[in-house]
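# Structure at a glance
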Amino acid sequence: MRLSYPTNIKIIKVPCTGRVDILFILKAFENGADGVCLIGCLEGECHFLTGNIRAKKRVEYIKSLLEETGIGAERVAMYNISAADGRRFAEIAREMTEKIKALGPNPAKKQVE
Amino acid sequence: MIVANRKPFEEIMEMLKPYKKILLLGCNECVTVCSVGGAKEVAVLASEIRLSRLKNIIPVEIKEHTLERQCDPEYALSISSFVNDYEIIISMACGCGVQTIAETYREKYVVPAVNTTFMGSSEEHGVWREKCQGCGNCILDKTLGICPVTRCAKSILNGPCGGSQGGSCEINKDTPCAWQLIIDRLKQMNMMEKYLEIQPVKDWSTSRDGGPRTRIREDLRI
Amino acid sequence: MTTESNLEKVLKSGSFAVTSECGPPRGADTEAIRKKGAFLKGYVDGVNVTDNQTSVVRMSSFSASLVLKEMGFDPVMQMVCRDRNRIAIQSDILGAAALGIHNLLCLSGDHQSFGDHPSAKNVFDIDSIQLIQTVKRMRDDGKFLSGEQIKGRPDIFIGCVENPFADPFDIRALRLAKKAAAGAQFVQTQCVFNVEKFSKWMEMVRDLGIHEKMYILAGITPFKSVGMARYMKTSVPGMDVPEGLIKRLNDTPKDEVADEGIKICLEIIEQVRTIKGIAGIHIMAIEWEHKVPEIIEAAGLYPRPS
């Protein structure tokens, strides 16, 4: 199953979405990312029981931070899929890329380069 | 612990507006425990400020630093070597910390990043509730560990008022009626006879109403 | 010791007492209070004057009491602990007594978050039970809270309120006992709609012998509309409106709802009158003062003892 997904996505592996700190996401934007997408296990199927639920709450919180800084809440998203569902992963990657492309570049990036 | 809330980001940015070199100062005590002004929150706010400045193309340099305790002059002095490298100090500590820093560095403009709200305790992860008002004359022995001065919206010493309903205070369904809690506890402890005692008019001179308070222990003074 | 209060006289004589209330206007014009007063003239033994009720700024209860006094009423000045510290409270008590106000109703007061100035700082220096104690001490011992002597004791009949429908229910009679012990001589209850619960409360009150220590006036409020009944049920803290009453109003043709409301009110009066220990009623006809004479006449409580 060779599925293609957009090449401008940088994948960062974490043991669980519960490991994703608010700062990781903020730093990603500081470093010029245009969008951040968290992909966790299906709800109820977390290896660490509630890691993905906590990540979901953190995503909600970070959306409020991005909104107040003027970066925009819609640049962050979280999806829950099964680890076996490569097709859905590729789909989400395309969806997210399209969405961020439509939003344009991260407004904090003007001076990064 | 002392509990605080972070000020709205817009208000913070307004205070920092004319400044490029900012010292962002956290505190390792209460505000760390209530997740509003510790090293973590310092890092988050610093990142937010940078993002906002990047977006608006206004340069900024932020030094992130967290003191062991901001309300103690000894710790406040520990930043003296670099404090002058910055134009403004924004403190994430409670009002006590902000004032200690301002008194220590009189030539510096020190501004608060949080609104100090109350003395309280953690009820569960992420929930803090006000528990003490520091009235200077504790009556928790009479009310079995529940403070009506703080936890009753009207500070009624002979409660509950007529607005207590279903265990909640009349001001808000999410606020437990302190007197309902006291009565429950009195019953549980078989101490209902205490309820019949009329609590006399309180002497508020030991509280803030008597003016700002000072505590001195002569034996500890150097 | 008897004060110059007419209400006290009526209660002491053993007559079934009737009081009502006048909410002061939201302005400096006394016309509104005179107009409301005119409806009640001759129909009540005392008239309550509310004190910034629901924390909405109105003409002071003291001033409005004076206007009603001028009209020949025996005002029951309400005083809440929300807006005054002990200095202002004692000062206002002296002022009221000096100008011939002989009834004071002691309340803690609604929290200011309900009113038109939610950003206000509240006081609550003393609570309602301590306010009762304060008045009693000033009148009987001739002393201020500080212990200093008063020259010219305030001659005041002391009242309080109690809400039999608030929680926890089982201490509501005990709390009234505390108020009696503090010095309250009469109580006006929260509006009674649930007579069954009210009777249960009165049973507890009698078991504690409170009805022999103070006069108990049952609060009565006529429903003007279904909306009002619903609002009181859902939005007024500590109010108990049985679903049956709302249904009864709901099943009434629209143009007859007001009459049905009065009918319910008269039935409640009839029922509470038979409860042992009830010394009178307190009618709170919210923005419906002109209906009070009709209610009192229909209840067979007119004329009033002179």
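Residues numbered from 1 in each chain as written. Chains lettered and ligands numbered in written order. Predicted model: local features only at pLDDT ≥ 70, side-chain atom pairs only at ≥ 80, totals over all residues. Heavy atoms only, no water.

Assigned secondary structure in chain B consists of 8 helices and 9 strands. Taking 17 Å as the expected radius of gyration for a compact globule of 222 residues, we find that chain B reaches 22 Å, considerably beyond that expectation. Principal-axis analysis of the C-alpha atoms places the extent of chain B at approximately 65 × 45 × 25 Å. Put simply, of all contacts in chain B between residues at least 6 apart along the chain, 60% involve residues at least 24 apart. Carbon and sulfur atoms make up 50% of the accessible area of chain B, which amounts to about 11400 Å² in all. Charge centroids of chain B, computed over 28 positive and 28 negative side chains, lie 2 Å from each other. (Helix = DSSP H or I, 4+ residues; strand = E, 2+ residues; numbered from the N terminus. Rg over C-alpha atoms; globule rule 2.2 N^0.38 Å. Contact = heavy atoms within 4.5 Å. Areas by Shrake-Rupley, 256 points an atom, 1.4 Å probe, with all protein chains shown as cover. Lys, Arg positive; Asp, Glu negative; His and termini not counted. Charge placed at Lys NZ, Arg CZ, Asp CG, Glu CD.)

Before going further, it helps to examine the interface of chain B and chain A. With 14 residues of chain B in contact, the opposing surface of chain A contributes 18 residues. With both sides pooled, the region where chain B packs onto chain A buries about 1500 Å², and carbon together with sulfur makes up 63% of that total. Three residues stand out in chain B for area buried against chain A, namely Leu51(B), Leu54(B) and Lys55(B), and they jointly supply 39% of the buried area on that side. Applying the counting criterion to the chain B and chain A interface returns 3 salt bridges. A salt bridge links Lys40(B) to Asp21(A); the nearest nitrogen and oxygen atoms lie 3.1 Å apart. Linking chain B with chain A are 5 residue pairs in polar contact (both at pLDDT 80 or more), by the criterion used here. Of the residues forming the side of chain B that touches chain A, the biggest block, 10 residues, is contributed by helix 3 (residues 39-55) of chain B. Its residues placed into classes, the side of chain B that touches chain A shows 6 nonpolar, 3 polar and 5 charged. (Buried area = accessible area lost by both parts, 1.4 Å probe. Salt bridge = Lys/Arg side-chain N within 4 Å of Asp/Glu carboxyl O. Polar contact = N/O pair within 3.5 Å; in protein donor to acceptor, adjacent residues only side chain to side chain. Nonpolar A, V, L, I, M, F, W, Y, C, P; charged D, E, K, R; others polar.)

Another aspect to go through is the packing of helix 8 (residues 226-235) of chain C against helix 9 (residues 243-250) of chain C. Residues and elements named next belong to chain C. Taken N-terminus to C-terminus, the directions of helix 8 and helix 9 make an angle of 165°; their axes are 9 Å apart at the nearest point. Put simply, helix 8 runs roughly antiparallel to helix 9. In the crossing of helix 8 with helix 9, the sense of the turn from one axis to the other is left-handed. On helix 9, the residues that touch Val226, Ala229, Arg230 and Lys233 of helix 8 are Glu243, Ile246, Leu249 and Asn250. Partitioning the contact of helix 8 with helix 9 into residue classes produces 4 nonpolar, 1 polar and 3 charged. (Axes fitted to C-alpha atoms, helices over the stretch in contact; angles between N-to-C directions. Parallel < 35°, antiparallel > 145°, perpendicular 65-115°, else oblique. Left-handed = near helix turned anticlockwise from the far one by under 90°.)

What follows concerns the pattern of salt bridges. Following the criterion strictly, the structure yields 41 salt bridges over all chains and no others. With a shortest N-O distance of 3.5 Å, Glu123(B) and Lys131(B) are connected by a salt bridge. Here Glu123(B) falls in the partly exposed class, since its relative accessible area comes to 39%. The partly exposed category is assigned to Lys131(B), whose relative accessible area is 23%. Lys179(C) is the salt-bridge partner of Glu162(C), the closest N and O atoms lying 3.5 Å from each other. Taken together, the positions of Glu162(C) in strand 5 (residues 157-162) and Lys179(C) in helix 6 (residues 172-182) put the pair 17 residues apart, joining distant regions of the chain. Considered together, Glu162(C) and Lys179(C) belong to a single accessibility category, that of buried residues. Beyond isolated ion pairs, a larger network of salt bridges with shared partners links Lys27(A), Glu30(A), Arg50(B) and Glu64(B). (Buried < 20%, exposed > 50% of the residue type's maximum accessible area, 1.4 Å probe, protein only.)

These figures come from the coordinates and say nothing about function on their own.
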